[in-house]
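Examining the three-dimensional arrangement
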Amino acid sequence: MILHADEKVLALFKDSDALLQGHFKLTSGKHSEWYFEKIRLIEKPAALERIIGLLVEKIRAEKKDFEYVVSPAYGAIAIGFLAALKLGKKFAFTQRLDEKMSFRSGFTSLDDSKAIIVEDILTTGGSINEVVECLKLRGVEVAGIYVLVDRTAGEVLIEGRPVGSLLALKVEAFEPEACPFCRKGILLTKPGASDKKS
Ligand SMILES: [Zn+2]
């Protein structure tokens, strides 16, 4: 169920084939009406660039004070980088080293700055919370957190604050026995499995 989305946003996600509506088998084995294939966004830079343009409008409208856009590797690097470019800010990313999220050395002016976090999808908030912890270690103030797609319909808060999103979805997942789409006889498809915990 889509809770909020600008028509322009929805059209762009659909045009890029990133947002699929149908009958999908998730990696959990459950079935769902919606599937978000984030790799499609990276694959189609022109569509991604327009989507990021809309995210940047939203960020600008909030008139926040920050120097950096920070994103976790790898999926969100292109997203955060494009946002930073359009906003005229610096960009940094975190990456997992031995399971632990950390900054690559070399982002020298990050310490004690202000940053916003930009991520692709909010599912549990796990990755974003890890980025927040990384920023705290560097004395960075988190001025805002933004995702393209919030799959929790605004239910997950980070540091007690809501996460800004272009599209908020409530993804209902059904056990096969209880799936209304199975009951209707709609063809079940299994999209590419995501390899990253979000
Ligand atoms: Zn089903």
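Note: the structure precedes this text.
The shown structure was predicted, so the numbers you read here are calculated from the model rather than taken from an experiment.

As for the side chain of glutamine 95
Along the polypeptide, glutamine 95 turns up in strand E5 (residues 90-97). Residue classification places glutamine 95 among the buried positions, given a relative accessible area of 11%. If near-sequence neighbours (up to four positions away) are discounted, glutamine 95 is found in contact with Ala73, Tyr74, Lys100, Met101, Ser102 and Arg104.

Describing the sheet that holds strand E3 (residues 31-36)
If you trace the 3 strands from one edge of the open sheet to the other, you get E2-E3-E10, paired in antiparallel fashion. Each end of this open sheet is capped by a strand with a single partner; those strands are strand E2 (19-25) and strand E10 (173-174).

A word on the coordination of the zinc ion
Coordination sphere of the zinc ion, protein contribution only: His23 (NE2), His31 (ND1), Cys179 (SG) and Cys182 (SG), at 2.0 to 2.4 Å. For the zinc ion, the 4 donor atoms in the first shell make angles of 95 to 119° at the metal, so the coordination geometry reads as tetrahedral. Considered as a linear motif, the donors of the zinc ion on their single chain read H-x7-H-x147-C-x2-C. Of this pair, histidine 23 sits in strand E2 while cysteine 179 is found in the loop between E10 and helix H6 (180-183), placing the two residues 156 residues apart along the sequence. Here histidine 23 matches cysteine 179 in class, with each residue buried.

Description of the nonpolar core
One finds Phe13, Val70, Ile116 and Leu148 to be the most contacted residues of the largest nonpolar core, which totals 59 residues. Those residues in contact with phenylalanine 13, other than ones at most four positions away along the chain, are Ala18, Leu19, Phe36, Leu41, Ile51, Leu148, Val149 and Leu167.

Things to note about the pattern of salt bridges
Within the structure shown, the criterion is met by 13 salt bridges. In this structure, the salt-bridge partner of glutamate 130 is arginine 96, at a minimum N-O distance of 2.7 Å. Placement of glutamate 130 in helix H5 (residues 126-137) and of arginine 96 in strand E5 is noted, with a sequence separation of 34 residues between them. Looking at arginine 96, the relative accessible area reads 37%, which means it is partly exposed. Note that aspartate 111 is salt-bridged to arginine 138, the shortest N-O span being 2.4 Å. Placement of the pair is aspartate 111 in the loop between strand E6 (100-103) and strand E7 (114-122) and arginine 138 in the loop between H5 and strand E8 (141-150), with a sequence separation of 27 residues.

Considering the side chain of threonine 94
Secondary-structure assignment places threonine 94 in strand E5. Residue classification places threonine 94 among the buried positions, given a relative accessible area of 0%. Leaving out residues up to four positions away in the same chain, threonine 94 has contacts with Val70, Ser71, Pro72, Ala73, Met101, Ser102, Phe103, Val131 and Cys134.

The rules behind the values
Residues numbered from 1 in each chain as written. Predicted model: local features only at pLDDT ≥ 70, side-chain atom pairs only at ≥ 80, totals over all residues. Heavy atoms only, no water. Helix = DSSP H or I, 4+ residues; strand = E, 2+ residues; numbered from the N terminus. Buried < 20%, exposed > 50% of the residue type's maximum accessible area, 1.4 Å probe, protein only. Contact = heavy atoms within 4.5 Å. Pairing = 2+ DSSP bridges. Donors = N, O, S within 2.8 Å, 3.2 Å for Na, K, Ca; no water. Tetrahedral: all angles 85-135°; square planar, octahedral: opposite > 155°, others 65-115°. Core = buried A, V, L, I, M, F, W, Y, C linked by side-chain atoms within 4.5 Å. Salt bridge = Lys/Arg side-chain N within 4 Å of Asp/Glu carboxyl O.

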